[in-house]
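Working through the structure, step by step
Spelled out, the chains give:
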Amino acid sequence: MYYFSIVGDELKFLNNSEIRLKVLVDLLNGPLKIRDIDRRSLLSYSSISSNIHKLCDEGYVEKIHNSFQLTNLGLIYITVLLDFHDMISAISDFSDFWLDHDISSLSVDDLNKLSSLEGSELIRCSSMDIYRTHKEFKRLFKNSKHLKVIFPYLHPEYPKLIRRLILKGIKVQLIVSKDILDGFIKDIGNDVVKKGIADGNFSIKHLNENIKIALAISNEFVSVGLFKLDGTYDQNRLLLSDKEKAINWGLNLFRSYDEHASSLILD
């Protein structure tokens, strides 16, 4: 409770004033005079001046000559607050997605960095378009220059998509559950798999345990699909983002699976 009280007091001081937060955000770009902040906002000069001096008193801002800049403390707090804002947005915007799905495939570190998914789009199927997520997934595959994919189940069309990419010379890194490994190789084609591996533009690994996430990452997008709480994969919803921070989040998640996956040994 002691630590909660300290954090609560700090957040209360900063969050209770939109002006203080605005000043801190403006100062992220470097030192500014009060009149510079005044020009950038609709706030009154007196309100800015009053709050910037309060921020100085609390150690978040310091005055250098005629300008004000963030202290290390101020930089840390505003960075954390902005990240927290993105985290809340990423959770609240897709609350039913997180609530209704199995998230055991995500580590604590993955969950701590959910703010990276802020601004993503939740693709949903509807009665007017029951194959929307599938069509979106196919479109993304076709336009990819390189691809890292985790498949938790064997869809009849996905091996064909992988096959086309390999034959086009596009680099594909694939991770699947061991129980669908043989089926994937068969549907891609043994000859194509061997050629892709020999050419260095294809790799396929497997995990012994059941995979509870569908993940695809390219240089332009990341998509995330999850299992429902009843254990079935939700083919009707797909979380999609083209933002760099979301793509990096996906790459880190892929690496964590890749480190524990076993490579295919060809006869």
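For every chain, the first residue of the written sequence is number 1, and numbering continues from 1 along that sequence. Predicted model: local features are reported for residues with pLDDT of at least 70 only, side-chain atom pairs are reported and counted for 80 or more only, and whole-chain, interface and lining totals are derived from all residues. Derived side-chain values reflect all non-hydrogen atoms in the structure, with water molecules and hydrogen atoms excluded from consideration.

1. A look at a nonpolar patch on the surface
Condition: Each patch is assembled from residues with relative accessible area greater than 30% and no salt bridge, linking like charges that lie within 9 Å and nonpolar side chains (Val, Leu, Ile, Met, Phe, Trp, Tyr) that lie within 5 Å. Surface accessibility in these figures is a Shrake-Rupley result with a 1.4 Å probe; residues are shielded only by whichever protein chains are displayed. What counts as a salt bridge is simple: a side-chain nitrogen of Lys or Arg found within 4 Å of a carboxyl oxygen of Asp or Glu. A run of H or I in DSSP counts as a helix once it spans at least four residues, and a run of E counts as a strand once it spans at least two, with each numbered from the N terminus. Note on classification: 1.4 Å probe, protein chains only; a residue is buried when its accessible area is under 20% of the maximum for its type, exposed when over 50%, partly exposed between these limits.
A surface patch of nonpolar side chains, amounting to about 280 Å² of accessible area, comprises Val-25, Leu-28, Leu-75 and Leu-82. Along the chain, Leu-75 falls in helix α5 (residues 72-92). Given the relative accessible area of 40%, Leu-75 is considered partly exposed.

2. Overview of helix α12 (residues 244-258)
Note the following rule: Helix span is expected to be 1.5 Å times the residue number reduced by one.
Relative to the 21 Å expected for 15 residues at 1.5 Å per residue, α12 spans 21 Å between its end C-alpha atoms, a close match to the ideal helical length. Considered for burial, the residues of α12 that qualify are Ala-246, Ile-247, Trp-249, Gly-250, Leu-251, Leu-253, Phe-254 and Tyr-257.

3. Some remarks on the pairing of strand β10 (residues 237-241)
Applied cut-off: We treat two strands as partners when DSSP finds at least two bridges between them.
Counting buried positions along β10 gives five out of five residues, so the element sits mostly inside the fold. Where burial is concerned, the two faces of β10 agree: the one with Arg-237, Leu-239 and Ser-241 and the one with Leu-238 and Leu-240 are both buried. With four bridges connecting them, strand β4 (residues 121-124) and β10 associate as antiparallel partners. Within β10, the residue paired with Ile-123 across the bridge is Leu-238.

4. Overview of the packing of helix α2 (residues 18-27) against α5
Helix packing geometry: the angle between the two helix axes and the distance between the axes. Which entries qualify depends on this criterion: Geometry is summarised by axes, namely lines fitted to C-alpha atoms with helices restricted to the contacting stretch, and by angles between N-to-C directions that run from 0 to 180 degrees. Here the angle decides the label: under 35 degrees means roughly parallel, over 145 means roughly antiparallel, 65 to 115 means roughly perpendicular, and every other value means oblique. We call two residues in contact when some of their heavy atoms are within 4.5 Å. By the convention adopted, Pro, Cys, Tyr, Trp, Phe, Met, Ile, Leu, Val and Ala count as nonpolar, Lys, Arg, Asp and Glu as charged, and the other residues, Gly among them, as polar.
Interhelical geometry of α2 versus α5 gives an angle of 105° and a closest axis separation of 10 Å. With respect to their mutual orientation, α2 and α5 come out roughly perpendicular. Packed against α2, whose contacting residues are Leu-21, Leu-24 and Val-25, the element α5 presents Ile-78, Leu-81 and Leu-82 at the interface. Considered class by class, the residues forming the contact of α2 with α5 number six nonpolar, no polar and no charged.

5. With respect to the confidence of the model for the chain
Regions with low pLDDT should not have their predicted coordinates read in detail. Let me state the cut-off plainly: Residue-level confidence of the predictor is summarised by pLDDT, bounded by 0 at the bottom and 100 at the top.
Averaged over every residue, the pLDDT of the chain is 86; the share at 70 or more is 93%. Low pLDDT, under 50, characterises residues 1-7; the predicted model gives this stretch zero contacts beyond four residues in sequence or across chains.

6. As for the pairing of strand β6 (residues 171-177)
Of all seven residues in β6, six are buried, a share of seventy percent or more. One ladder, built from six bridges, connects strand β5 (residues 146-151) with β6; its direction is parallel. Its bridge partner lying in β6, Leu-147 is registered against Val-172.

7. Quick look at the environment of Asn-219
The residue Asn-219 is located in the loop between β8 (213-217) and β9 (222-228) in this model. With residues up to four places along the chain from it excluded, the contact list for Asn-219 reads Lys-145, His-146 and Ile-247.

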